[in-house]
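Tertiary structure, described
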Amino acid sequence: MSALKIALTKGRTEKQVLPLLEASGIDCTAIRNKQRRLIFNDLPDYHFILAKGPDVLTYLNRGAMDIGIVGSDILEEQHNEQYEMLDLQTGKCHFVLASTPNFDPYQVKRKIIATKYPNITQRYFRSIGEDVEIIKIEGSVELAPLVGLADAIVDIVETGTTLKENNLQVFATLQSVSTRLVVNRLALKQHQNAIQQLITNLQQAIQTEV
Ligand code: PRP
């Protein structure tokens, strides 16, 4: 039986998911001691890569990986063709509309909104019947209203520290986000038992954690 190939979102998601993977019986020592290493294929049952969130789905969609561990923010923003199998109950955060204290969400002019998530932002403003201009930003979105690039931002908030340290306020709370396990459709057919076993182990680990 070949190893299951798992694309894990590097950074915060990786740190929060490693304890769950370990509680599921997977040896993550190499990932914990990784330095700049990105691929971990020494274990017989599970091979891992560490990738940026938006790229995890690309690896999955192209069949280069069997399983992705990625935030629901990415799944909602991108077009996801694969099976979402499990909510790992980690990486919990939520989307907000935020800006400087003098921002008026009811102002009648067409607002400019900066975000890493143009599709989610578009859907939100459509749902409240408002037409806005969206500027796509790749990171540190909080800068945009501070320097006059945008009237407000739509971004994810976890601890709230970044907003607080940049004197930004929340004007609306949008949907919640958490980390999900997503499986490539073909891989699910080819490795059904192994994937089901992994999911069962993870479910037990989640129960113990919460
Ligand atoms: C995310 C998000 C916020 C920050 C919120 O950015 O876009 O900037 O985390 O977290 P907090 O509420 O705990 O402060 P990330 O750290 O992924 O970096 P980026 O903005 O450069 O993408």
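About the cut-offs
Residues numbered from 1 in each chain as written. Predicted model: local features only at pLDDT ≥ 70, side-chain atom pairs only at ≥ 80, totals over all residues. Heavy atoms only, no water. UniProt positions renumbered as here; feature names shortened; annotations may be inferred. Helix = DSSP H or I, 4+ residues; strand = E, 2+ residues; numbered from the N terminus. Domains from an automatic or database assignment. Contact = heavy atoms within 4.5 Å. Buried area = accessible area lost by both parts, 1.4 Å probe. Polar contact = N/O pair within 3.5 Å; in protein donor to acceptor, adjacent residues only side chain to side chain. Nonpolar A, V, L, I, M, F, W, Y, C, P; charged D, E, K, R; others polar. Phe/Tyr/Trp six-rings, centres within 6.5 Å; stacked < 30°, edge-to-face > 60°. Buried < 20%, exposed > 50% of the residue type's maximum accessible area, 1.4 Å probe, protein only. Core = buried A, V, L, I, M, F, W, Y, C linked by side-chain atoms within 4.5 Å.

The name that an unreviewed UniProt entry assigns to the protein chain is ATP phosphoribosyltransferase. Recorded under Subunit (unreviewed entry), the UniProt text for the protein chain is reproduced unchanged: "Heteromultimer composed of HisG and HisZ subunits." According to the UniProt record, the Catalytic activity (unreviewed entry) comment for the protein chain is "1-(5-phospho-beta-D-ribosyl)-ATP + diphosphate = 5-phospho-alpha-D-ribose 1-diphosphate + ATP".

1. Overview of the UniProt feature "domain: ATP phosphoribosyltransferase catalytic" (unreviewed entry) in the protein chain
Per the UniProt record, "domain: ATP phosphoribosyltransferase catalytic" (unreviewed entry) is annotated on residues 54-203. In the segment residues 54-203, helix accounts for 34% and strand for 30%; the C-alpha atoms at its two ends are 25 Å apart.

2. Concerning the domain arrangement of the protein chain
Here the protein chain is described as being made up of domain 1 (4-91 + 178-209) and domain 2 (93-176). Computed over C-alpha atoms only, the centres of domain 1 and domain 2 are separated by 29 Å. Listed as interface residues are seven residues of domain 1 and, on the opposing side, eleven residues of domain 2. Taken together, the two surfaces of domain 1 and domain 2 that pack against each other cover about 790 Å², and 33% of this comes from carbon and sulfur. On the domain 1 side of the interface with domain 2, the three residues burying the most area are Asp73, Glu76 and Glu77, jointly 66% of the side's total. Counting the contacts that link domain 1 with domain 2 gives eight residue pairs in polar contact (both at pLDDT 80 or more). Contributions of two or more residues to the side of domain 1 that touches domain 2 are made by α1 (12-23) and α4 (72-77). In terms of residue count, α4 provides more of the side of domain 1 that touches domain 2 than any other element does, four residues in total. Looking at the side of domain 1 that touches domain 2, its residues break down into no nonpolar, three polar and four charged.

3. Brief notes about the packing of aromatic side chains
Under the defined criterion, the tally for this structure stands at three aromatic pairs. Plain terms: the ring middles of Phe95 and Tyr117 are 4.9 Å apart, the flat faces sit at 90 degrees to each other, and that makes the pair edge-to-face. With Phe95 in strand β6 (residues 93-99) and Tyr117 in the loop between β7 (112-115) and α5 (118-127), this pair connects stretches of sequence that are 22 residues apart. With respect to burial, Phe95 and Tyr117 carry one shared label: buried. Seen in terms of ring centroids, Phe103 and Phe171 are 5.1 Å apart; in terms of plane orientation they differ by 80 degrees. Their pairing is edge-to-face. You can see Phe103 sitting in the loop between β6 and β7 and its partner Phe171 sitting in strand β10 (residues 169-177), a full 68 residues away along the chain. Looking at Phe171, the relative accessible area reads 25%, which means it is partly exposed.

4. What to know about the nonpolar core
Membership of the largest hydrophobic core comes to 28 residues, with the highest contact counts inside it found for Leu21, Phe48, Leu181 and Leu198. Of all elements in the fold, only β1 (4-9), α1, β3 (46-51), β4 (67-71), β11 (179-183), α8 (185-190) and α9 (192-209) reach the threshold of two or more residues within this core. A total of six residues in this core trace back to one element, the largest contributor, which is α9.

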